[in-house]
Amino acid sequence: MCRITCIVLTILLAVNHAVAWKHFWRGKWIQRKIEQADNSHFPPDQWFEQKLDHFDVVNSITWKQRYHTNDTFFGGDGPVFLMIGGEGEASPKWMVQGMWIEWAKKFNALCFQLEHRYYGKSHPTKNMSIKNLKHLSSEQALADLAYFIEAKKKEMKLQHNKWIVFGGSYPGSLAAWFRLKYPHLAYGAVASSAPLFAKINFKEYLGVVTKALQTTQQSSQCTGAIEQATTALEDEIQSTRCCQTMEKLFSLCDPLDVTNKLDVANLFETLAGNFEGVVQYNKDNRDSKGANITMDVLCDTMTDPKIGSPLARYAAVNNMLLKATGEKCLDFKYSKMLRDMRSTDWNSSASEGGRQWTYQTCTEFGYYQSSDLADQPFGKRFPIEFSIRQCSDIFGPKFSYNLLKNAIARTNFIYGGLGLKLDRTVFPNGSVDPWSALGITSNTTGNVAIFIQGTAHCADMYPPSPKDPHELTAARNVIESHLNSWVSNEKA
């Protein structure tokens, strides 16, 4: 891709690749593989020299941060979009598809993508040790954006150009927070599916999942069958005949020791995660394996008596997801999870995002999806204590409940939580998306909220489809109208 030196407008697009292509799911990092494409159509990797610590003037250490460029739509006086990576590798496929690319074509935009520090190929330090992970935070990531923008403004003569930040999920939060913390660099923001309120016990997540499943044709029969399956699973675990039949039924990788409460908790949490992941990304136009498994498919399975008992149907859902993700068995061992997550090497499976994102939840956000909500069908086996202990089990005793509590309070203090008020910022959220419970969904807050009925996580950011519901198309039109207004206004 050639480099452009004369640009009128710059738009910063932050998209969460981890949520787009991967899902950090119940202590595991499940790869949602995108369909293979000709890499020759993707822009090459580029590297930006970034500071290791933006808040220590004495520290002069730098590192190479990965980014991409696409200038094929730039018309000389159009905007520039910069997509910010989230808690996973930044895929160059995002440089040629997605709703932001449709807008890039419309506005003749130059496109950038900046990968989040400590994810993908952007390695600020030699490994992911606890000592090194202290440089991983949302504040450092926001400063990365600011320094990248300032450098590009000088390099490409963009001093008088507007920057509009976009984001989905965690980078949706970053988009809003960038507008808050660097208003002189961000003219506007579109923060899609952005969880803005840090919270330790995100028990409401399962509440949204439950209500979403009840919007299917099977309605409460679906969640009722899940509850029956959970009860049957509890009875099986407590019976003297446990557990060979169940191990085979659910394709468990190891024998289940019912006296190991951590393994049992991890099993129940993982089985609930089967439904959580599907609900969160329901019909979002992902080009990935398993994207055809929707809430309707799950509820059809859970209410089909031909499969057998509710417990057999629950197992059928699990095996359907295992097959879709290419897994031979269900790995539920807590000790195995700890071993994987404690790995600090960049070549380990934990480096795909699991260790880093867990560190951020333990030091900034919480977001733990417990079973503590009363009105949900997935049992009570994974209370908030189960998630909290993982911080100290993975990173050491220093990462205690008190540290987490103070970290959550600090995050909400510095960013404002749901009390955030921003002009020239829109907040799209889907009614089916569990993360909407931590986002801005009402205009009564003084912000522009776009609540999209029947849509899931970041649905407004994926490629448009003729099958898209009217509500989603209308929401994209509203977002585009704001973009058009911001682009058309006077220079920044």
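Residues numbered from 1 in each chain as written. Predicted model: local features only at pLDDT ≥ 70, side-chain atom pairs only at ≥ 80, totals over all residues. Heavy atoms only, no water.

A.B. asks: Which residues make up the state of the cysteines, and what are the values?
C.D. replies: All chains considered together, the criterion is met by four disulfides. Each disulfide pairs two cysteine sulfurs, and for Cys222 the partner residue is Cys299, the sulfurs being separated by 2.1 Å. With the S-S bond torsion at -75°, the cross-link from Cys222 to Cys299 turns out left-handed. Note that Cys222 is positioned in helix 7 (residues 220-238) and Cys299 in helix 10 (residues 295-302), a separation of 77 residues in sequence. Neither residue differs from the other here; Cys222 and Cys299 are each classed as buried. (Disulfide = S-S within 2.5 Å. Helix = DSSP H or I, 4+ residues; strand = E, 2+ residues; numbered from the N terminus. Buried < 20%, exposed > 50% of the residue type's maximum accessible area, 1.4 Å probe, protein only.)

A.B. asks: Could you give an account of the packing of aromatic side chains, with specific residues and numbers?
C.D. replies: Applying the stated criterion across every chain yields a total of 27 aromatic pairs. Between Tyr359 and Phe395, the ring centres sit 5.5 Å apart and the planes meet at 80°, which makes this aromatic pair edge-to-face. In this pair, Tyr359 sits in helix 13 (residues 354-365) while Phe395 sits in helix 14 (residues 384-395), placing the two residues 36 residues apart along the sequence. Each member of the pair Tyr359 and Phe395 is classed as buried. Here a set of aromatic residues connected by ring pairs shows up, and it is made of Tyr170, Trp177, Phe202, Tyr205, Trp357, Phe365, Tyr367, Tyr415 and Trp435. When the ring centre of Tyr187 is taken as reference, the NZ or CZ atom of Lys162 above it lies at 4.5 Å. Residue placement shows Arg381 over the ring face of Phe268; its charged tip is 5.7 Å from the ring centre. (Phe/Tyr/Trp six-rings, centres within 6.5 Å; stacked < 30°, edge-to-face > 60°. Lys NZ or Arg CZ within 6 Å of the ring centre and 35° of its normal.)

A.B. asks: Residues and numbers for the packing of helix 10 against helix 11 (residues 310-324), please.
C.D. replies: Contact pair helix 10 / helix 11: the axes reach a minimum separation of 8 Å and the direction vectors enclose 145°. Here helix 10 contributes Val297, Leu298, Thr301 and Met302 to the contact with helix 11, which in turn contributes Pro310, Arg313, Tyr314, Ala316, Val317, Met320 and Leu321. In terms of residue class, the contact of helix 10 with helix 11 is built from nine nonpolar, one polar and one charged. (Axes fitted to C-alpha atoms, helices over the stretch in contact; angles between N-to-C directions. Contact = heavy atoms within 4.5 Å. Nonpolar A, V, L, I, M, F, W, Y, C, P; charged D, E, K, R; others polar.)

A.B. asks: Help me get a handle on the pairing of strand 7 (residues 110-114), residues and values and all.
C.D. replies: By the criterion of burial, strand 7 is predominantly enclosed, with five of the five residues buried. Here strand 7 shows a buried face lined by Leu110, Phe112 and Leu114 and a second buried face lined by Cys111 and Gln113. As paired strands, strand 5 (residues 62-70) and strand 7 are joined by four bridges and run antiparallel to one another. Looking at strand 7, one finds that Tyr67 is bridged to Leu114. Bridge count between strand 6 (residues 80-84) and strand 7: five bridges; the pairing is parallel. By the bridge assignment for strand 7, Leu82 is matched with Phe112. The parallel pair strand 6 and strand 7 is bridged by helix 2 (residues 99-107), and the resulting crossover is right-handed. (Pairing = 2+ DSSP bridges. Right-handed = clockwise from strand over helix to strand, strands pointing away.)

A.B. asks: An account of the environment of Ile149 is requested, with residue identities and associated values reported.
C.D. replies: Position of Ile149 relative to the elements: it lies in helix 4 (residues 138-155). Here Ile149 falls in the buried class, since its relative accessible area comes to 0%. When the C-alpha atoms of Ile149 and Leu185 are compared, they prove to be 7.7 Å apart, with 36 residues separating the residues in sequence.

A.B. asks: Lay out the pattern of salt bridges with the relevant residues and their values.
C.D. replies: What the rule picks out here adds up to 19 salt bridges. Lys152 is the partner of Glu155 in a salt bridge, and the nearest nitrogen-oxygen pair spans 3.2 Å. Separated by three residues within a single helix, Glu155 and Lys152 lie in helix 4, roughly one turn from each other. Judged by relative accessible area, Glu155 falls into the partly exposed class, the value being 42%. Between Arg179 and Asp423 there is a salt bridge, and its shortest N-O distance comes to 2.6 Å. With a gap of 244 residues between them, Arg179 in helix 5 (residues 170-181) and Asp423 in the loop between helix 15 (401-415) and strand 12 (425-430) connect regions that are remote in the sequence. Residue classification places Arg179 among the buried positions, given a relative accessible area of 6%. The network of salt bridges with shared partners includes Asp45, Arg66, Glu89, Glu115 and Lys121. (Salt bridge = Lys/Arg side-chain N within 4 Å of Asp/Glu carboxyl O.)

A.B. asks: Describe in detail the packing of helix 9 (residues 261-280) against helix 10, supporting the description with residues and values.
C.D. replies: With their axes 9 Å apart at the nearest point, helix 9 and helix 10 run at an angle of 145° to one another. Contacts between helix 9 and helix 10 involve Asn274, Phe275, Val278 and Val279 on the former and, on the latter, Met295, Leu298 and Met302. Grouping the amino acids of the contact of helix 9 with helix 10 by side-chain chemistry returns six nonpolar, one polar and no charged.

A.B. asks: Can you tell me about the pairing of strand 8 (residues 164-168), naming the residues and giving the values?
C.D. replies: The buried fraction of strand 8 amounts to five of the five residues, a majority that puts the element mostly inside the structure. Of the two faces of strand 8, the one lined by Ile164, Phe166 and Gly168 and the one lined by Val165 and Gly167 are each fully buried. Sheet topology places strand 8 next to strand 9 (residues 188-192); five bridges connect them, and they run parallel. When the bridges of strand 9 are listed, Phe166 appears paired with Val190. For the crossover from strand 8 across helix 5 to strand 9, the handedness is right-handed.

A.B. asks: Give a detailed account of the nonpolar core, specifying residues and quantitative values.
C.D. replies: Phe178, Leu213 and Phe378 are the most contacted members of the largest nonpolar core, which has 110 residues in total. Among the elements that make up this core, the one with the highest residue count is helix 9 (nine residues). Apart from residues lying up to four places away in sequence, Leu213 is in contact with Ser219, Cys222, Thr223, Ile226, Phe275, Val279, Met295, Cys299 and Phe378. Grouped together as the second largest cluster of nonpolar side chains are 29 residues, Cys111, Val190, Tyr462 and Ile479 included. (Core = buried A, V, L, I, M, F, W, Y, C linked by side-chain atoms within 4.5 Å.)

A.B. asks: Go over the side chain of Ser371, please, and point to the residues and values.
C.D. replies: Its location among the elements puts Ser371 in the loop between strand 11 (366-368) and helix 14. The class of Ser371 is buried, set by a relative accessible area of 1%. Not counting residues within four places of it along the chain, the set of residues in contact with Ser371 comprises Leu206, Gln376, Gly379, Lys380, Arg381, Phe382 and Pro383.

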